[in-house]
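Read off the chains here:
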Amino acid sequence: MHALNLLLFDLLGAGFAPDAFWLDVARAAVTVSVCAVVALMAGAVMKNPRRGFDIALALMCAGCVAVMAHALAAWFDSPRPFMVGLSPPHIAHGARGGMPSTHASVMTALAVFLMLRPGLRPIGIATAALMLVTAWARIYLGLHFPLDIVGGAVLGTLSGVVTAAAASAIAHFVSASRRNRRAFDAVALQRVGDEA
């Protein structure tokens, strides 16, 4: 695995001889992609306020997976490329464990959750595309090895699937409760009519 990680980083990372154009693109991608995901989710709520519940769940999922990714990275304490002399950090970054990538974890969780929720699939697909761009950028900038990204994607996928399943269960429970309430009201009205 270590040899594969080094090979892939050698192919994708800027190392000590970055191309100025791609360096600027990677730096911009790291910032712009996160802002773009937030804008997409805000737009979904503005377009249809009933999406607020799903977006709130997505944000809770993102927060939980970020905490898990940070905890796992501290536990694994896997060095980043710039920490082992394969690249300078082309943007400022702390020297802490990089496996799994928090960016990949959070963006994948959001993408998977949104793709599994009715009406939010296009935003989920866009988020997945933005995650891939961000993943490349963070490798290029010397912040992550490729397998850090894979680890984050696995954690994010699991988190997104679990949260989407919970959202479906909640929606089913609410729908069943409404049906039961309407049936109860109909029976109560029938009794009142029979007594009159």
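Described below are features of the structure shown in this document. (Residues numbered from 1 in each chain as written. Predicted model: local features only at pLDDT ≥ 70, side-chain atom pairs only at ≥ 80, totals over all residues. Heavy atoms only, no water.)

Details of the overall build of the protein
Stage number 1. The number of helices and strands found in the protein is 6 helices and 0 strands.
Stage number 2. Within the protein, the proportion of its 196 residues that are buried is 38%.
Stage number 3. Of the contacts made within the protein by residues no fewer than 6 positions apart, 79% connect residues no fewer than 24 positions apart.
Stage number 4. As displayed, the protein offers around 10800 Å² of accessible surface, 71% of which is attributable to carbon and sulfur atoms. (Helix = DSSP H or I, 4+ residues; strand = E, 2+ residues; numbered from the N terminus. Buried < 20%, exposed > 50% of the residue type's maximum accessible area, 1.4 Å probe, protein only. Contact = heavy atoms within 4.5 Å. Areas by Shrake-Rupley, 256 points an atom, 1.4 Å probe, with all protein chains shown as cover.)

Brief notes about the packing of aromatic side chains
Stage number 1. Inspection of every chain in the model, using the stated rule, returns 5 aromatic pairs.
Stage number 2. Ring centres of Phe-21 and Trp-22 lie 4.9 Å apart, and the angle between their planes is 75 degrees; on these two criteria the pair is classed as edge-to-face.
Stage number 3. Residue class for Phe-21 comes out exposed when judged on its relative accessible area of 52%.
Stage number 4. With a relative accessible area of 42%, Trp-22 lands in the partly exposed category.
Stage number 5. Taken together, the ring pairs connect Phe-21, Trp-22, Trp-136 and Tyr-140 into an aromatic cluster. (Phe/Tyr/Trp six-rings, centres within 6.5 Å; stacked < 30°, edge-to-face > 60°.)

Describing the environment of Leu-120
Stage number 1. Position of Leu-120 relative to the elements: it lies in the loop between helix 4 (102-116) and helix 5 (121-140).
Stage number 2. Expressed as a C-alpha distance, the spacing of Leu-120 and Met-41, which sit 79 residues apart in the sequence, is 9.1 Å.

Some thoughts on the packing of helix 3 (residues 52-76) against helix 4
In helix packing, the relevant descriptors are the interaxial angle and the interaxial distance, both defined with respect to the helix axes.
Stage number 1. Interaxial distance between helix 3 and helix 4 falls to 9 Å at its minimum, and their mutual angle equals 150 degrees. One finds that helix 3 runs roughly antiparallel with respect to helix 4. Between helix 3 and helix 4 lies a crossing whose hand is right-handed. Seen from helix 3, the contacting residues are Asp-54, Ile-55, Leu-57, Ala-58, Cys-61, Ala-62, Val-65, Ala-66, Ala-69 and His-70; seen from helix 4, they are Thr-102, Ser-105, Val-106, Ala-109, Leu-110, Phe-113 and Leu-114. (Axes fitted to C-alpha atoms, helices over the stretch in contact; angles between N-to-C directions. Parallel < 35°, antiparallel > 145°, perpendicular 65-115°, else oblique. Left-handed = near helix turned anticlockwise from the far one by under 90°.)

A closer look at helix 5
Stage number 1. In this model helix 5 runs 29 Å from its N-terminal to its C-terminal C-alpha over 20 residues, within 8% of the 28 Å that 1.5 Å per residue would give.
Stage number 2. Turning to helix 5, its buried residues are Ile-123, Gly-124, Thr-127, Leu-130, Met-131, Thr-134, Ala-135, Ala-137, Arg-138, Ile-139 and Tyr-140. (Expected span 1.5 Å × (residues − 1).)

Overview of the environment of Arg-138
Stage number 1. The residue Arg-138 is located in helix 5 in this model.
Stage number 2. Distance from Arg-138 to Arg-27, taken between C-alpha atoms, is 8.4 Å for residues 111 residues apart in sequence.
Stage number 3. Sequence-distant contacts of Arg-138, that is, excluding residues within four places in its chain, are made with Val-30, Arg-80, His-93, His-103, Leu-143 and His-144.

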